[in-house]
Amino acid sequence: MSIRFLQALALALGVVASLPAFAEAPTLRWPLPLPAGQPWRIVDLREGNGIRHEEYIPRGQGVEDYRDRIVVQRMVSQNLNPETYLAHVSAGLRAHCSELTTSGLFASERDGLPSAALTVYCSRFDSRSYGYVVAQKAVLDGDHLFVVEREWRLPAFSVDATGLPQFGAGSPDDEAIKREIRLALRWLVEQVQPGGAVIAPAPPPAKLPQHPKRRS
């Protein structure tokens, strides 16, 4: 069974234990436009004590042996800003990773809401045969944090002397994974934002009416 990153980190930070019990605010139900390319399905949904937690994996992947996962959390910020929260996530992972590197820290503000995005590369998780790539975005909306994580669980890889992850340098898998990560970062930065409308697929073009042929 995999470690539930954000659950464990939330407990470590005292988020769950210290939150007062109160009814969830409407901001806990921000819509999320899921990224294209995978038939995502929800596999976990929990609400309580001011936290909403959702997990998605693609159809055809199992809950225990998934490769791809999206985790969404909405919670009281407890005075953490987006960059501070992501730093806590990285620190929590570092204790479990053979090698860890980060990239792509991107801080911005849209519609008056500050946000930050970061990608974390964990070459091997404890003694497991796999590591993780975790692309995250955190958005501060008032006193709530909206956190989205796009995660890959991959065969153990390495981090070179320059701090770059190597998933099999020069191999098709290496390039394919890096392309997936770039697309996920673009999705996080451009589409993931509290209060935004869910982006639905474009409808098929309407068929023009057929006119009967004239008889000669």
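For the structure, check the block above.
The residue numbers shown here count from 1 along each chain, following its written sequence. Restriction of local features to residues with pLDDT of at least 70 applies here, the model being predicted, together with a cutoff of 80 or more for giving and counting side-chain atom pairs; totals for whole chains, interfaces and linings are based on all residues. Think of the side-chain values as coming from all heavy atoms in the structure, minus any hydrogens and water.

Asker: Describe the side chain of aspartate 68, listing the residues and the values that go with them.
Answerer: Put simply, DSSP H or I for four residues or longer makes a helix, DSSP E for two residues or longer makes a strand, and each gets a number counted from the N terminus. Structurally, aspartate 68 is set in strand β3 (residues 68-76). Note on aspartate 68: relative accessible area 1%, which makes it buried. Polar contacts involving the side chain of aspartate 68 include one to the side chain of glutamine 61, which spans 2.8 Å. For this analysis, a polar contact is any N or O atom pair within 3.5 Å, provided that within protein one partner can donate a hydrogen and the other can accept it, and provided that sequence-adjacent residues contribute only side-chain to side-chain pairs. A distance of 2.8 Å separates polar atoms of two side chains, one belonging to aspartate 68 and the other to arginine 67. Here, residues are in contact when the closest pair of their heavy atoms is within 4.5 Å. Contact partners of aspartate 68, with chain neighbours within four places excluded, come to Gln38, Trp40, Tyr56, Ile57, Pro58, Gln61, Arg150, Glu151, Trp152 and Glu180. Working definition: with a 1.4 Å probe on protein chains only, accessible area under 20% of the residue-type maximum means buried, over 50% means exposed, and in between means partly exposed.

Asker: Tell me about the pairing of strand β1 (residues 40-48), residues and numbers included.
Answerer: Two strands are counted as paired when DSSP detects at least two bridges linking them. Where β1 meets strand β2 (residues 51-58), eight bridges bridge the pair, whose relative direction is antiparallel. By the bridge assignment, isoleucine 42 is partnered in β2 with tyrosine 56. The antiparallel pairing of β1 with β2 creates a hairpin that spans two residues between the two strands, and asparagine 49 there sits at a positive phi of about 55°.

Asker: So, the sheet that holds strand β5 (residues 113-122): which residues are in play, and what are the values?
Answerer: If you walk across this open sheet you meet the seven strands as β1-β2-β3-β7-β6-β5-β4, and the pairing is antiparallel. Strands with a single pairing partner mark the edges of an open sheet, and in this sheet they are β1 and β4 (100-110). In this sheet, adjacent strand axes meet at a mean angle of 15° when their direction is disregarded. Direction of pairing for strand β6 (residues 130-141) relative to strand β7 (residues 144-155): antiparallel, over a ladder of 12 bridges. Within the sheet, the bridge partner assigned to glutamine 136 lies in β7 and is glutamate 149. With axes taken as lines fitted to C-alpha atoms, and helix axes fitted only over the stretch in contact, angles between N-to-C directions fall between 0 and 180 degrees.

Asker: Describe helix α3 (residues 82-94), listing the residues and the values that go with them.
Answerer: Every α-helix winds through 3.6 residues per turn, so residues three or four apart in the chain are directed the same way. When the terminal C-alpha atoms of α3 are compared, their 19 Å separation across 13 residues agrees well with the 18 Å that a helix rising 1.5 Å per residue should span. Those residues of α3 that fall on the buried side of the exposure criterion are Pro82, Tyr85, Leu86, Val89, Ser90 and Leu93. Along α3, the residues classed as buried sweep out an arc of 140° about the axis, all on the same side. N-capping of α3 is provided by asparagine 81, with a side-chain oxygen placed 3.1 Å from the backbone N of glutamate 83. Helix span, as expected, comes to 1.5 Å for every residue beyond the first. By definition, the arc is the one covered by directions from the helix axis to the C-beta atoms.

Any functional reading would require information that these geometric values do not contain.
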